[in-house]
Amino acid sequence: MIHDAVIKNAVLAGENYRLNTRTRTSSPEISTPASWNMLRDAYDRCGEVCAEYAKTFYLGTMLMTPERRKAIWAIYVWCRRTDELVDGPNSSHTTPTALDRWERRLNDLFEGRPYDMFDAALSDTLAKFPIDIQPFKDMIEGMRQDLMKSTYASFDELYQYCYYVAGTVGLMSVPVMGIAPESKASTASIYNASLALGIANQLTNILRDVGEDASRGRIYLPQDELVSAGLSQNDIFEMRVTDKWRSFMKGQILRARMYFDEAEKGIAELDSASRWPVSASLMLYRQILDAIEENDYNNFTKRAYVGRAKKFFSLPQSYVSTLFTADKQVISLARA
Ligand SMILES: CC(C)=CCC/C(C)=C/CC/C(C)=C/CC/C(C)=C/[C@@H]1[C@@H](COP(=O)(O)OP(=O)(O)O)[C@]1(C)CC/C=C(\C)CC/C=C(\C)CCC=C(C)C
Ligand SMILES: [Mn+2]
């Protein structure tokens, strides 16, 4: 199912999209000055929401071109609102019917009938970038699963959930980031790298939030791997940092880093203007794993985070990492 989703998005992106490296014009109907102001205000509000709720992603978007930045802000707000349906302050009122209603609203905005200004910003984004509706539908499916499921038997089950809530963000984002016209990589491989970034981010998020999620009765860590490590659900609910826990966490962190490495291979294939923001976002999120290690694997009562200074010092480092092509030739020095 996940492979099909990647292939479908890759085919939709298609070779012709690579040739047409310009972003699409906005929707054909003549927009009036009033709608221009409404859209500008809508995107500004999306940027404020992103800045408020996700400082790391917001920092990444500030490294983007204005058109792409606005598009990612619009996608972010839809994703945040979708996540808030099951993770937000009013989530106790969210039912599968409410998610069905949210999906009908998604269909409407994809057909150019937005409900509010946030939907209007996304509708406008969809008129400019070739984004498929399926990843959005799949994210809603992930929220349906979050309503009903509080433990995961194996990594296979957890991987599918990570695809639904985070891999989908990668598939939504590639058409906005753009694929480098000179890239020799297959479109599917680039979409697989974006999927890997979503999986890596979600695995990192799960490892960061073990204590917070357990306090809400949720354990995303694979049950079979906990048992193999000699751990039980009680060890998590009792929030004990033992040597068994440390050993288990080292394996979980190693796997998350593997997905970041997989994602990193795809960055060189993106449009050159998108490589730095994605690389910076990847590096900043990956540093959460370092913070968990620095907390001696106490992700029960200590929230791992990356300090502002470290975030800003990572920006030049992530920029330099984008100067390498896929075959590791430093293109800028070669030209010097
Ligand atoms: C600069 C940049 C990468 C921007 C992407 C911003 C964006 C659209 C993010 C959406 C995030 C979101 C709110 C998704 C809803 C579900 C959810 C909460 C997913 C988890 C995010 C964590 O959010 P947060 O840190 O706020 O966690 P809490 O809610 O506080 O627990 C996720 C971990 C998923 C995030 C997934 C991504 C950002 C994937 C991005 C992938 C790409 C941009 C693809 C790049 C392409 C290649 C080839 C590598
Ligand atoms: Mn979380």
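The structure we're discussing is the one just above.
Residues numbered from 1 in each chain as written. Chains lettered and ligands numbered in written order. Predicted model: local features only at pLDDT ≥ 70, side-chain atom pairs only at ≥ 80, totals over all residues. Heavy atoms only, no water.

Visitor: Can you help me understand the site of ligand 1 in this one?
Guide: The immediate surroundings of ligand 1 are formed by 31 residues, with Arg80, Asn201, Asn205, Arg208 and Tyr285 found nearest. Between ligand 1 and the protein, one listed contact pairs an oxygen atom with a side-chain N or O atom of Arg80 at 2.6 Å. Tyr285 is positioned such that a nitrogen or oxygen atom in its side chain is 2.8 Å from an oxygen atom of ligand 1. Starting from 1000 Å² of accessible surface for ligand 1 in isolation, the protein chains cover 94%. Mapped by element, the contributors of at least two residues to the shell around ligand 1 are α4 (66-87), α8 (155-177), α9 (187-208), α13 (243-267) and α14 (272-294). Looking at the shell around ligand 1 element by element, the count peaks at nine residues for α9. (Near = heavy atom within 4 Å. Polar contact = N/O pair within 3.5 Å; in protein donor to acceptor, adjacent residues only side chain to side chain. Areas by Shrake-Rupley, 256 points an atom, 1.4 Å probe, with all protein chains shown as cover. Helix = DSSP H or I, 4+ residues; strand = E, 2+ residues; numbered from the N terminus.)

Visitor: It is not clear to me how the packing of helix α5 (residues 96-110) against helix α7 (residues 134-148) should be interpreted in this structure. Could you clarify?
Guide: Each packed pair of helices is defined by two parameters, the angle between the axes and the distance between the axes. At a closest axis distance of 10 Å, the pairing of α5 and α7 adopts a crossing angle of 170°. It follows from the interaxial angle that α5 and α7 lie roughly antiparallel. Side by side, α5 and α7 meet where Pro96, Leu99, Asp100, Trp102, Glu103, Leu106, Asn107 and Phe110 of the first sit next to Phe136, Lys137, Ile140, Met143, Arg144 and Leu147 of the second. In the contact of α5 with α7, the residues fall into nine nonpolar, one polar and four charged. (Axes fitted to C-alpha atoms, helices over the stretch in contact; angles between N-to-C directions. Parallel < 35°, antiparallel > 145°, perpendicular 65-115°, else oblique. Contact = heavy atoms within 4.5 Å. Nonpolar A, V, L, I, M, F, W, Y, C, P; charged D, E, K, R; others polar.)

Visitor: Sorry if this is basic, but what is going on with the pairing of strand β2 (residues 219-222) here?
Guide: Moving residue by residue along a regular strand, the side chains alternate between the two faces of the sheet. Burial of β2 is two-sided: the residues Ile219 and Leu221 facing one way and the residues Tyr220 and Pro222 facing the other way are all buried. By the bridge criterion, two bridges tie strand β1 (residues 151-152) to β2 in an arrangement that is parallel. Across the sheet, Tyr152 pairs through a bridge with Pro222, a residue of β2. (Buried < 20%, exposed > 50% of the residue type's maximum accessible area, 1.4 Å probe, protein only. Pairing = 2+ DSSP bridges.)

Visitor: So what exactly am I meant to see when it comes to the packing of aromatic side chains here?
Guide: The geometry of an aromatic ring pair is captured by the separation of the ring centres together with the interplanar angle, meaning the angle of the planes. Overall, the coordinates contain 16 aromatic pairs when judged by the stated rule. Between the aromatic rings of Tyr159 and Tyr259, the centroid separation amounts to 6.2 Å while the plane-to-plane angle is 40°, which identifies the pairing as tilted. Remark: Tyr259 occurs in helix α13 and Tyr159 occurs in helix α8; sequence separation between them is 100 residues. A relative accessible area of 17% means that Tyr259 is categorised as buried. Ring centres of Trp245 and Phe300 lie 4.7 Å apart, and the angle between their planes is 35°; this geometry places the pair in the tilted category. On the criterion of sequence distance, the pair formed by Trp245 in helix α13 and Phe300 in the loop between α14 and α15 (308-321) is long-range, its members being 55 residues apart. By the ring-pair criterion, three or more aromatic residues cluster together here, those being Trp78, Trp102, Phe110 and Phe136. (Phe/Tyr/Trp six-rings, centres within 6.5 Å; stacked < 30°, edge-to-face > 60°.)

Visitor: Would you explain the packing of α4 against α5 in this entry?
Guide: For the pair α4 and α5, interaxial distance at closest approach is 11 Å and the crossing angle is 165°. Considering the angle they form, α4 stands roughly antiparallel to α5. Seen from above, α4 lies across α5 with right-handed handedness. Seen from α4, the contacting residues are Trp78, Arg81, Thr82 and Leu85; seen from α5, they are Leu99, Trp102, Arg105, Leu106 and Leu109. Residue composition of the contact of α4 with α5, grouped by class: six nonpolar, one polar and two charged. (Left-handed = near helix turned anticlockwise from the far one by under 90°.)

Visitor: Got a minute to help me understand the side chain of Asp146 in this structure?
Guide: One can find Asp146 in helix α7. Exposure remark for Asp146: the relative accessible area of 3% places this residue in the buried category.

Visitor: How do you make sense of helix α6 (residues 117-128) when you look at a structure like this?
Guide: Every α-helix winds through 3.6 residues per turn, so residues three or four apart in the chain are directed the same way. Compared with an ideal rise of 1.5 Å per residue, which puts 12 residues at 16 Å, α6 spans 17 Å between its outermost C-alpha atoms and is within 8% of the ideal. Taken together, the buried positions of α6 are occupied by Phe118, Asp119, Ala120, Ala121, Leu122, Ser123, Asp124, Thr125, Leu126 and Lys128. Where α6 begins, the side chain of Asp116 points an oxygen toward the backbone nitrogen of Phe118, at a separation of 3.1 Å. (Expected span 1.5 Å × (residues − 1).)

Visitor: Is there a simple way to explain the side chain of Arg208 in this structure?
Guide: Mapped onto the secondary structure, Arg208 falls in helix α9. Setting aside chain neighbours within four positions, we find Arg208 in contact with Tyr285, Ile288, Ile292, Asn299, Arg303 and Ala304.

Visitor: I would appreciate a short explanation of the state of the cysteines in the present structure.
Guide: Covalent bonding between the sulfur atoms of two cysteines is what defines a disulfide. Counting across every chain of the model gives zero disulfides. Cys46 forms no disulfide, and the closest cysteine sulfur to it belongs to Cys50, at a distance of 9.1 Å. Cys79 carries a free sulfur, and the closest cysteine sulfur to it, the one in Cys50, is 10 Å from it. (Disulfide = S-S within 2.5 Å.)

Visitor: Would you mind showing me how to read the environment of Ser247 here?
Guide: Looking at the element boundaries, Ser247 is found in helix α13. C-alpha separation for the pair Ser247 and Tyr297, spaced 50 residues apart in sequence, amounts to 9.3 Å.

Visitor: Even after reading the chapter, I still don't get the pattern of salt bridges, so can you show me in this structure?
Guide: Between side chains of opposite charge, a pair can form as their charged atoms come close. Within this structure, the stated rule accounts for 38 salt bridges. A salt bridge links Arg81 to Asp116, with the nearest nitrogen and oxygen atoms 2.4 Å apart. Placement of Arg81 in helix α4 and of Asp116 in the loop between α5 and α6 is noted, with a sequence separation of 35 residues between them. Overall, Arg81 belongs to the partly exposed group, its relative accessible area being 23%. Several salt bridges converge on common partners, so that one network encompasses Asp87, Asp146, Asp213, Arg216 and Arg218. (Salt bridge = Lys/Arg side-chain N within 4 Å of Asp/Glu carboxyl O.)

Purely geometric stuff here, so don't read any function into it on its own.
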